[in-house]
Amino acid sequence: MMEIDTPGHTAIIAATYPEYVACSDASPWANFANEPPAGQLRFALPEVMNFTASLLTNVAKALPSHYFSTGGDELNTNCYANDYLTEQQLNRTGMTLNGALDTFTQTTHGALIAQGKTPVVWEEMVLDWNITLSNETIVMIWISSADAAAVVGRGFRIIHAPSNYFYLDCGAGEWLGDDPTGNSWWDPFKTWSKAYTFDPLANLTEAQYELVLGGEQILWSEQSGPQNVDSIVWPRAASSAEIFWSGKQPTGAALNVTEALPRLHDVRYRMVQRSINAIPLQPQWCALRPDACDIYA
């Protein structure tokens, strides 16, 4: 599934259309963005709305997938409070920033739907901005697993990707400069066993179960690349396969990390045989002796 995040995380567009981007490379960046460089689409402007709809249309035409994400996460309102062109447009039309975002999203999603695509967004579009979305829109849950019930409660289908269970890049520490004692907000490291305790149907009614489409484990690229991607992803990402395939054991009991560990060891050793640099889950002595290294063994 392709994602072109809008209207936030769009600083790169200023390289060719500087007039379309507010607070471009503004400093200090932390006042205007979640990470550098700052820059967000001036979505209230009609020409920016039309540009974005055209961009999404042209990309969507080239893709076979039925799904297309427009993102919508981490929108920084300070960026627009200090942006003359945005404020001018809002004053001229009498529209609020939230209203302008609603219009922008309906326009861009309309362009995708016209191409036969199902729009996908991050959870803020529903929970923070209350944007008018098509009933077919799929919402990705990322801030917390606790947010799933609220989104499903509004009738939307969801994909689980909560950072408190499934963010694979968690635990590498701070990557920002001049912060030697800092930790990243998504610490600590998310172990395979932590991910394996996730219940995709928690806090939902039985009637809402069908709105859970599945889940994904997320790897952002601030500190990952071809050199370390195998060891970051595998075999941890394999742990989610059973979760989203069944959610529970055939008996209806919750999944059990002790029973799963030998299977995941097997997966890891098969990966290594295939030249995938999957990290060990335990010392080999433990892997050869099931349960011998359990905390209370």
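Residues numbered from 1 in each chain as written. Predicted model: local features only at pLDDT ≥ 70, side-chain atom pairs only at ≥ 80, totals over all residues. Heavy atoms only, no water.

Geometrically, the link from Ser27 to Pro28 is a cis peptide bond, its omega value of -5 degrees lying close to zero. In this structure, Pro235 follows Trp234 across a cis peptide bond, with omega equal to 0 degrees. Here Pro235 lies in the loop between α9 (229–233) and α10 (239–245). Positive phi, normally seen in glycine, also occurs at His9, with a value near 55 degrees. Topologically, His9 is positioned in the loop between β1 (2–3) and β2 (21–22). Although it is not a glycine, Asp178 sits at a positive phi angle of roughly 60 degrees. Mapping Asp178 onto the fold places it in the loop between α7 (163–166) and α8 (192–196). (Helix = DSSP H or I, 4+ residues; strand = E, 2+ residues; numbered from the N terminus.)

With respect to the helices, strands and loops of the structure, Pro119 is situated in strand β5 (residues 118–122). Relative accessible area serves as the criterion here: at 1%, Pro119 is assigned to the buried category. C-alpha of Pro119 to C-alpha of Met140: the two residues are 21 residues apart in sequence and 11 Å apart in space. In this view, Pro119 contacts Phe68, His109, Ile113, Glu136, Thr137 and Ile138; residues no more than four positions away in its chain are not counted. (Buried < 20%, exposed > 50% of the residue type's maximum accessible area, 1.4 Å probe, protein only. Contact = heavy atoms within 4.5 Å.)

Here we come to the sheet that holds β5. Here six strands make up an open sheet; going across it, the order is β1-β4-β5-β6-β7-β8 and the pairing parallel. Of all the strands in the sheet, the pair left with one neighbour each is β1 and β8 (212–215). As paired elements, strand β7 (residues 157–160) and β8 share three bridges and run parallel to each other. Counterpart to His160 in the pairing with β8 is Gly215. (Pairing = 2+ DSSP bridges.)

Glancing now at the side chain of Asp5. Structurally, the position occupied by Asp5 is in the loop between β1 and β2. Lacking a salt bridge, the buried Asp5 has Arg42 as its closest oppositely charged neighbour, with an N-O distance of 18 Å. Those residues in contact with Asp5 that sit more than four places away from it in its chain are Thr10, Thr70, Gly71, Gly72 and Asp73. (Lys, Arg positive; Asp, Glu negative; His and termini not counted. Salt bridge = Lys/Arg side-chain N within 4 Å of Asp/Glu carboxyl O.)

Tallied over the full model, the rule gives 15 aromatic pairs. Plain terms: the ring middles of Trp142 and Tyr167 are 6.3 Å apart, the flat faces sit at 20 degrees to each other, and that makes the pair stacked. Of the two residues, Trp142 sits in the loop between β6 (138–141) and α6 (148–152) while Tyr167 sits in the loop between α7 and α8, which places them 25 residues apart along the sequence. On the basis of relative accessible area, Trp142 is assigned to the buried category, the value being 7%. Residue class for Tyr167 comes out buried when judged on its relative accessible area of 3%. (Phe/Tyr/Trp six-rings, centres within 6.5 Å; stacked < 30°, edge-to-face > 60°.)

Below, the discussion takes up helix α11 (residues 257–273). With 17 residues, α11 should cover 24 Å at 1.5 Å per step; its first-to-last C-alpha distance of 24 Å lies within 8% of that length. Taken together, the buried positions of α11 are occupied by Ala260, Leu261, Leu264, His265, Arg268 and Met271. Where the residues of α11 are buried, they touch α8, α10 and α12 (284–287). You can read the cap of α11 off the contacts: a side-chain oxygen lies 2.8 Å from the backbone nitrogen of Thr258, and it is on Asn256. At the C-terminal side of α11, Ser275 shows a positive phi close to 70 degrees. (Expected span 1.5 Å × (residues − 1). Polar contact = N/O pair within 3.5 Å; in protein donor to acceptor, adjacent residues only side chain to side chain.)

The tally for this structure, following the rule as stated, stands at one cavity of 30 Å³ or more. Of the pockets and cavities examined, the largest cavity occupies roughly 40 Å³. Lining the largest cavity we find Thr6, Pro7, Thr70, Gly71, Gly72, Phe104, Thr105, Thr108, His109 and Met125. Every element with two or more residues in the lining of the largest cavity is listed here: β4 (67–71) and α4 (97–114). Of all the elements, α4 adds the most residues to the lining of the largest cavity, at four residues. Here the lining of the largest cavity is built from residues that sort into three nonpolar, seven polar and no charged. (1 Å grid on protein atoms, 1.4 Å probe; cavity = no way out; pocket = protein on both sides within 12 Å on 5 of 7 lines; lining within 4 Å. Points joined across faces, edges and corners; volume = space filled by probe spheres on them. Nonpolar A, V, L, I, M, F, W, Y, C, P; charged D, E, K, R; others polar.)

Attention now moves to the state of the cysteines. Should the sulfur atoms of two cysteines be covalently bonded, the bond is a disulfide. A complete count under the given rule lists two disulfides for this structure. In this model, Cys23 is linked to Cys79 through a disulfide, with the two sulfur atoms separated by 2.0 Å. Disulfide Cys23 to Cys79: torsion about the S-S bond roughly -100 degrees, handedness left-handed. Pair noted here: Cys23 is in the loop between β2 and β3 (40–41) and Cys79 is in helix α2 (residues 78–81), with a separation of 56 residues, a long-range link. Looking at Cys79, the relative accessible area reads 1%, which means it is buried. At a sulfur-sulfur separation of 2.0 Å, the disulfide partner of Cys286 is Cys293. (Disulfide = S-S within 2.5 Å.)

Just geometry here; none of it tells us what the structure is for.
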